[in-house]
Amino acid sequence: MRALSRPLLALLSVLSAAGCAASQRPAPRAEPPPPPPLTMTDVRALFGEVSAARGLPERALVPVALLDAPSFAAALQRRITGAPSQEEIERRAGFLLAFNLVQQVGPGARRPSSMREVLEEQVSAFYDGDIGHIVVRAAPARTAQDAREQRAVLAHEFQHALQAQNFGLPDLGALPGEERRLAQLAVIEGDATLTMMAYLSADAGAPLGRTLRRAAELSRQLSLDALPHREGNAALRAALPIARERLLFPYAAGAAFVADIYRAGGFPLVNHLYARPPASTEQVLHPQKYLDGEPIVPVRAPEAPPGYRTLGSEPLGELQTRVVLERCAPAAEARIASEGWGGDAFSVIGDGAQGVALLWSTAWDTERDAEEFEAALRKDPGCWRGLRLGEGPSARAVDGAFVVLREGARVAFVRGLPEPLATATARSLLTLPGAPPPPSPVGAFQVPPRSPPPAPWRGFVQGAQYRSDWLGVWALLPAGVPATTTDEDLELRLGRTDILVRSGLVVSDRVATPRLVEKLFRDVATGFAKAAGERPLVAVSGGSVAHPLGPAIERTWEVAGTRVALRAVVVPVCGGTGSYVFLQTWADPYARSVLDGWLHSFRWLSPGRPPVCEALDPR
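The shown structure was predicted, so the numbers you read here are calculated from the model rather than taken from an experiment.

### Observations regarding the overall build of the protein
Argument step 1. Per the secondary structure count, the protein includes 19 helices and 22 strands.
Argument step 2. Within the span of the protein, comprising 619 residues, buried residues form 50% of the whole.
Argument step 3. Sequence separation of 24 or more characterises 69% of the internal contacts of the protein that already satisfy a separation of 6 or more.
Argument step 4. Surface exposure of the protein reaches about 27700 Å², of which carbon and sulfur atoms provide 56%.

### Quick word on unusual backbone geometry
Peptide bonds are, in most cases, trans, and in most cases residues other than glycine have a negative phi.
Argument step 1. With an omega of 5°, the peptide bond running from Glu-419 to Pro-420 counts as cis.
Argument step 2. For Pro-420, the location among the structural elements is in the loop between strand E11 (410-415) and helix H16 (421-429).
Argument step 3. Despite not being glycine, Cys-574 has its phi angle at roughly 55°, a positive value.
Argument step 4. Tracing the backbone through its elements, the reader meets Cys-574 in the loop between strand E20 (565-573) and strand E21 (578-586).
Argument step 5. Residue classification places Cys-574 among the buried residues on the basis of a relative accessible area of 11%.

### Notes on the packing of helix H13 (residues 317-325) against helix H14 (residues 331-338)
Argument step 1. In contact at an axis separation of 8 Å, H13 and H14 are set at 145° when each is read in the N-to-C sense. Judged by the twist between their axes, the crossing of H13 over H14 is right-handed. Only Ala-334, Arg-335, Ala-337 and Ser-338 of H14 make contact with H13, whose side of the interface consists of Glu-318, Thr-321, Arg-322 and Leu-325.

### Concerning the side chain of Thr-585
Argument step 1. In this fold, Thr-585 is placed in strand E21.
Argument step 2. Residue Thr-585 is classed as buried on the basis of its relative accessible area of 11%.
Argument step 3. Beyond its immediate sequence surroundings of up to four residues, Thr-585 is in contact with Leu-500, Val-501, Arg-502, Phe-528, Ala-565, Leu-566 and Leu-595.

### Structural notes on the sheet that holds strand E16 (residues 492-495)
Argument step 1. Reading across from one edge, E15-E16-E17-E21-E20-E19-E18 is the order of the 7 strands in this open sheet, with antiparallel pairing throughout. Every other strand in the sheet has two partners, leaving strand E15 (483-484) and strand E18 (537-545) as the edge strands with one partner each.
Argument step 2. Bridge count between E20 and E21: 9 bridges; the pairing is antiparallel. For Ala-565, the partnering residue across the bridge sits in E21 and is Trp-586.
Argument step 3. The sheet strands contacting helix H17 (residues 514-531) are strand E17 (501-508), E18, strand E19 (552-559), E20 and E21, and the helix crosses E19 at an angle near 25°.
Argument step 4. The strands touched by helix H18 (residues 589-599) within the sheet are E16, E17, E20 and E21, with E21 carrying the most contacts at an inclination of about 160°.

### Regarding the packing of aromatic side chains
Argument step 1. Following the criterion strictly, the structure yields 22 aromatic pairs and no others.
Argument step 2. Taking 5.1 Å as the distance between ring centres and 85° as the angle between the ring planes, the aromatic pair formed by Phe-99 and Trp-360 counts as edge-to-face. Separated by 261 residues along the polypeptide, Phe-99 in the loop between helix H4 (86-98) and helix H5 (115-122) and Trp-360 in strand E7 (residues 355-364) bring together distant segments of the chain. Considered together, Phe-99 and Trp-360 belong to a single accessibility category, that of buried residues.
Argument step 3. With 6.2 Å between their ring centres and 70° between their planes, Phe-521 and Trp-557 make a pair best called edge-to-face. Of this pair, Phe-521 sits in helix H17 while Trp-557 sits in strand E19, and the two are 36 residues apart along the sequence.

### Details of the sheet that holds strand E14 (residues 473-476)
Argument step 1. Taking strand neighbours across the sheet as the criterion, the 4 strands line up as E12-E13-E14-E22 in an open arrangement whose pairing is antiparallel. Bordering the open sheet on either side are strand E12 (460-462) and strand E22 (603-604), each of which pairs with just one other strand.
Argument step 2. Inspection of the sheet shows E12 paired to strand E13 (residues 465-468) by 3 bridges, in the antiparallel sense. Across the sheet, the residue bridging to Val-461 is Tyr-466, located in E13.

### Looking at the packing of helix H6 (residues 144-166) against helix H7 (residues 178-204)
Argument step 1. Viewed as axis vectors pointing N to C, H6 and H7 meet at an angle of 130°, and their least axial separation amounts to 8 Å. Judged on the interaxial angle alone, H7 and H6 are oblique. When the axes of H6 and H7 are compared, the crossing they make is right-handed. Across the interface between the two elements, Arg-148, Arg-151, Ala-152, Ala-155, His-156, Gln-159, His-160 and Gln-163 of H6 pack against Val-187, Ile-188, Glu-189, Asp-191, Ala-192, Thr-193, Thr-195, Met-196, Tyr-199, Leu-200 and Asp-203 of H7.
Argument step 2. Residue classes in the contact of H6 with H7 are distributed as 8 nonpolar, 6 polar and 5 charged.

### Quick word on the nonpolar core
Argument step 1. The biggest cluster of nonpolar side chains holds 49 residues, and the ones touching the most others in it are Phe-99, Leu-101, Phe-346, Leu-358, Trp-360 and Leu-377.
Argument step 2. Setting aside chain neighbours within four positions, we find Phe-99 in contact with Leu-316, Val-324, Phe-346, Leu-358, Trp-360, Trp-384 and Arg-415.
Argument step 3. Formed by 32 residues, the second largest nonpolar core is a distinct cluster that contains Trp-470, Leu-505, Ala-552 and Phe-582.

### A short note on the pairing of E16
Argument step 1. In this structure, E15 lies alongside E16, joined through 2 bridges in antiparallel fashion. Note that in E16 the partner of Thr-484 across the bridge is Arg-493.
Argument step 2. The turn linking E16 back onto E17 is made up of 5 residues.

### A closer look at the side chain of Ser-468
Argument step 1. Of note, Ser-468 is situated in strand E13.
Argument step 2. Excluding its chain neighbours within four sequence positions, the residues that come into contact with Ser-468 are Gly-459, Val-473 and Leu-605.

### Remarks on H7
Quick reminder: α-helices carry 3.6 residues per turn. Residues three or four places apart thus point the same way.
Argument step 1. End to end, H7 covers 37 Å across 27 residues, agreeing with the expected 39 Å (1.5 Å per residue, within 8%).
Argument step 2. With respect to burial, H7 is a largely interior element, 22 of its 27 residues being buried.
Argument step 3. Once H7 finishes, Gly-205 follows within two positions and takes phi at roughly 85°, a positive value.

### Brief notes about the state of the cysteines
Argument step 1. In the structure shown here, the tally under the stated rule is 2 disulfides.
Argument step 2. Disulfide partner of Cys-574: Cys-613, at an S-S distance of 1.9 Å. Linking Cys-574 and Cys-613, the disulfide has an S-S dihedral of approximately -80° and is accordingly described as left-handed. With Cys-574 in the loop between E20 and E21 and Cys-613 in helix H19 (residues 612-616), this pair connects stretches of sequence that are 39 residues apart.
Argument step 3. What makes Cys-613 buried here is its relative accessible area of 2%.
Argument step 4. Look at the protein and number its bonded cysteines as they come in the sequence; the links are 1-2, 3-4.

### Remarks on helix H2 (residues 40-54)
Argument step 1. The terminal C-alpha atoms of H2 lie 21 Å apart, and with 15 residues this matches the ideal 21 Å at 1.5 Å per residue to within 8%.
Argument step 2. Where H2 is concerned, the buried positions are Val-43, Leu-46, Phe-47, Val-50, Ser-51 and Arg-54. Considered in projection along H2, the buried side chains sweep an arc of 135° and stay on one side of the axis. Across H2 from its buried face, at more than 90 degrees, point the exposed residues Thr-41 and Ala-52.
Argument step 3. If you follow the buried residues of H2, they end up packed against strand E2 (64-67), strand E4 (133-137), H6, H7 and helix H10 (241-275).
Argument step 4. Gly-55 lies just past H2 and shows a positive phi near 75°.

What counts, and where the lines are drawn
- Residues numbered from 1 in each chain as written.
- Predicted model: local features only at pLDDT ≥ 70, side-chain atom pairs only at ≥ 80, totals over all residues.
- Heavy atoms only, no water.
- Helix = DSSP H or I, 4+ residues; strand = E, 2+ residues; numbered from the N terminus.
- Buried < 20%, exposed > 50% of the residue type's maximum accessible area, 1.4 Å probe, protein only.
- Contact = heavy atoms within 4.5 Å.
- Areas by Shrake-Rupley, 256 points an atom, 1.4 Å probe, with all protein chains shown as cover.
- Axes fitted to C-alpha atoms, helices over the stretch in contact; angles between N-to-C directions.
- Left-handed = near helix turned anticlockwise from the far one by under 90°.
- Pairing = 2+ DSSP bridges.
- Phe/Tyr/Trp six-rings, centres within 6.5 Å; stacked < 30°, edge-to-face > 60°.
- Parallel < 35°, antiparallel > 145°, perpendicular 65-115°, else oblique.
- Nonpolar A, V, L, I, M, F, W, Y, C, P; charged D, E, K, R; others polar.
- Core = buried A, V, L, I, M, F, W, Y, C linked by side-chain atoms within 4.5 Å.
- Expected span 1.5 Å × (residues − 1).
- Disulfide = S-S within 2.5 Å.
- Arc of directions from axis to C-beta.

Purely geometric stuff here, so don't read any function into it on its own.
Okay, structure coming up:
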């Protein structure tokens with residue numbers, strides 16, 4: 001499987017907010033040195049983390065070849081299929097002409113990029129299923145972000161190896177038609193992208209559910225038109241729109257699809273996708289239709305009339321229907337008009353000379369859906385102009401005349417045939433859709449509604465009490481110690497300026513694993529030592545402690561040579577997807593006892609989940 005680094009890594013920006021809200025803003029510093037190159041020890045450790053994050057065993061060692069740029073280019077060339085046959089060239093040209101997808105190139109204009117050129121530009125790694133190896137272009141990482149992206153691509157490709165070992169991968173080339181291929185490829189690439197996110201989530205300390213809510217939205221909102229304009233995407237930018245959509249759909253739409261399947265049933269339901277993959281791009285674009293087992297209306301392939309021969313015949317599907325409509329209608333209208341797709345079949349036919357014609361029979365969920373599709377086809381009659389592709393004897397051309405007929409929820413489209421044959425053929429196309437089979441639900445699964453993350457709100461101090469409905473807690477405030485909830489970095493700050501008795505409450509959105517809690521303690525100690533003039537801290541105590549809000553972890557230090565002490569208490573909340581962190585400093589036993597009383601006065605407002613959990617651990 002190929003890994004398209006630039007489109008794939010565009011999804012990673014969703015993880016940028018998955019860090020720790022408790023950490024202080026870093027001070028400006030000099031440019032750090034480049035990170036060390038990946039070693040095979042690093043790779044094996046990464047694979048172990050990926051396997052654990054996805055919950056799939058590595059059943060056989062997966063070798064990795066880290067190649068320099070020339071060696072990688074040679075390996076990729078060997079993987080790219082050879083030159084297509086003359087029959088395949090004719091079929092592709094006929095498809096582009098018939099559906100108005102060809103790009104007319106004038107004198108001096110650049111021709112569209114070939115798929116080979118796009119892959120050579122975009123691919124940075126691939127899993128070679130024939131030998132079970134991962135091949136990576138191991139360019140030196142210049143920044144920490146570069147190194148992170150290298151690890152992300154490795155995680156993605158390793159999941160392809162896990163897919164092959166645990167489920168087996170289909171022969172995509174043997175599938176009947178681009179529509180079926182795209183639907184199954186969306187599972188393979190979407191799952192690999194989901195696994196990459198699971199690995200990065202664990203590494204960043206964010207729960208997968210939180211990451212997926214953001215990632216699914218990002219991948220649906222991601223403009224595939226904008227991606228080619230990123231730096232280094234010249235070949236992708238110059239490719240035909242239909243080629244770009246086919247290339248990027250499995251990653252963007254596949255990631256959103258698999259994320260919703262995970263939200264509906266976790267990794268066991270994702271695993272089930274390999275036994276029962278989606279049958280259409282419609283099911284990928286609308287995951288609940290997959291879960292409900294919404295059937296595809298069977299449509300017989302149109303037969304070529306006398307004097308013509310069939311160059312190619314297959315379903316087009318919702319995705320490619322939308323791309324076709326976007327040639328003659330605004331993108332928003334094309335999207336609406338392609339939704340409600342029920343089934344279709346087309347045939348591209350040739351007249352024995354250089355002419356091409358299109359016979360397209362479609363079925364829709366409702367008559368309203370069919371009316372919207374019909375209106376989109378008629379939106380701009382001049383858009384369906386005559387086109388020519390190639391020169392000399394191998395050239396192909398299509399006439400601009402077309403016929404659209406609708407009967408209930410069925411629509412027929414004929415292009416390139418003379419009258420009265422065009423109208424007669426269109427009428428016959430309306431008879432090709434059959435009755436849909438009954439639904440076959442995957443199970444009683446529902447994709448949870450996706451609501452926007454709630455906006456936090458501040459608690460307040462009233463008299464001798466602190467209350468936060470957002471955090472779901474209240475506490476008693478120590479007498480004579482001023483408190484405020486207006487601090488930019490803390491939920492609650494209290495302290496005096498004349499004596500050292502200070503404390504604060506902050507929310508961490510890191511998952512409360514032992515490794516990340518330990519990192520939080522290190523961050524706290526480093527920040528405090530810096531504030532104390534870089535004086536060393538001496539660890540005094542630490543371990544599990546009881547707290548009224550739940551089990552907690554405590555760490556206490558003293559500033560060397562002084563009576564100043566620092567304590568951090570971490571209380572995991574919301575199923576461990578975040579923590580309430582209490583920070584305290586004092587210089588005498590009485591001040592400590594005052595802070596102890598405040599710390600242990602905290603209580604929950606109610607036994608239910610506080611609103612902050614909807615941000616930390618979205619359902």
